[in-house]
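The lines below spell out each chain.
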Amino acid sequence: CKRCCSVALAFFTMTTMTNCVNVRLAAAAMYGSSTEAMCLLAIRRDLESFGEIARAGMTKINEWQQVIQTVYYDVRSAKAAKEYFGDFCDFAPVEGALKVAMPKSMFDNLDFTEVANTIYREGGDFEVEFFD
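Residues numbered from 1 in each chain as written. Predicted model: local features only at pLDDT ≥ 70, side-chain atom pairs only at ≥ 80, totals over all residues. Heavy atoms only, no water.

(A) Spatial organisation of the overall build of the protein. When you go through the protein residue by residue, the secondary structure sums to four helices and seven strands. What you see in the protein, going N to C, is helices and strands ordered as α-β-α-β-β-α-β-β-α-β-β. Here the protein holds 132 residues, and the buried ones make up 30% of them. Restricting the contact set of the protein to residue pairs at least 6 apart, pairs at least 24 apart contribute 58%. Per element, the accessible surface of the protein, about 8,400 Å² overall, is 55% carbon and sulfur. (Helix = DSSP H or I, 4+ residues; strand = E, 2+ residues; numbered from the N terminus. Buried < 20%, exposed > 50% of the residue type's maximum accessible area, 1.4 Å probe, protein only. Contact = heavy atoms within 4.5 Å. Areas by Shrake-Rupley, 256 points an atom, 1.4 Å probe, with all protein chains shown as cover.)

Here's what the structure looks like:
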């Protein structure tokens, strides 16, 4: 039933920003190409325009839905893709490690140019989260 499908889709939808996005095949309607292959190529080209891709491919997320899952090296690239595809796209679970824990002595001696977040941990250590 349509209502059950909506509930199931909401269950698989992530709102937390990650480096991985799922683009639903319904996004092909944005391109108006005559064949599914041409639409998929257009989607792939757009996904590549947002940043360097670590991995991309078709993924079946349940019995009734396939997506183009794209893992970027940089979280900001995934965010740009999500904004572009809007409701046709959701964040997927993060791929890889974007955080590192380090002692204060090491943290004080490093110069980070692009850090997403820094957390001071109990005991004096730091947790540093990177965009890529």
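(B) Looking closely at the state of the cysteines. In this structure the tally under the stated criterion is zero disulfides. Unpaired in this structure, cysteine 20 has its nearest cysteine sulfur neighbour in cysteine 89, at a distance of 9.3 Å. Taking relative accessible area as the criterion, cysteine 89 reaches 0% and is therefore assigned buried. (Disulfide = S-S within 2.5 Å.)

(C) Quick look at helix α2 (residues 36–49). Between its first and last C-alpha, α2 extends 20 Å over 14 residues, near the 20 Å set by a 1.5 Å rise per residue. Among the residues of α2, Cys39, Ala42, Ile43, Asp46 and Leu47 are the ones counted as buried. Viewed end-on, α2 has its buried residues packed into an arc of 135 degrees, placing them on one side of the element. Opposite the buried face of α2, by more than 90 degrees, sit the exposed residues Leu41 and Arg45. Buried-residue contacts for α2 involve β1 (20–24), β2 (53–62), β3 (65–72) and α3 (75–85). Glycine 51 lies just past α2 and shows a positive phi near 155 degrees. (Expected span 1.5 Å × (residues − 1). Arc of directions from axis to C-beta.)

(D) Just the packing of α2 against α3, in detail. Closest axis-to-axis distance for the α2/α3 pair is 9 Å, and the angle between their directions is 135 degrees. The orientation of α2 with respect to α3, classified from their angle, is oblique. Counted together, Ile43, Asp46 and Leu47 of α2 and Ala81, Tyr84 and Phe85 of α3 form the full contact between these two elements. Here the residues of the contact of α2 with α3 are counted per class, giving five nonpolar, no polar and one charged. (Axes fitted to C-alpha atoms, helices over the stretch in contact; angles between N-to-C directions. Parallel < 35°, antiparallel > 145°, perpendicular 65-115°, else oblique. Nonpolar A, V, L, I, M, F, W, Y, C, P; charged D, E, K, R; others polar.)

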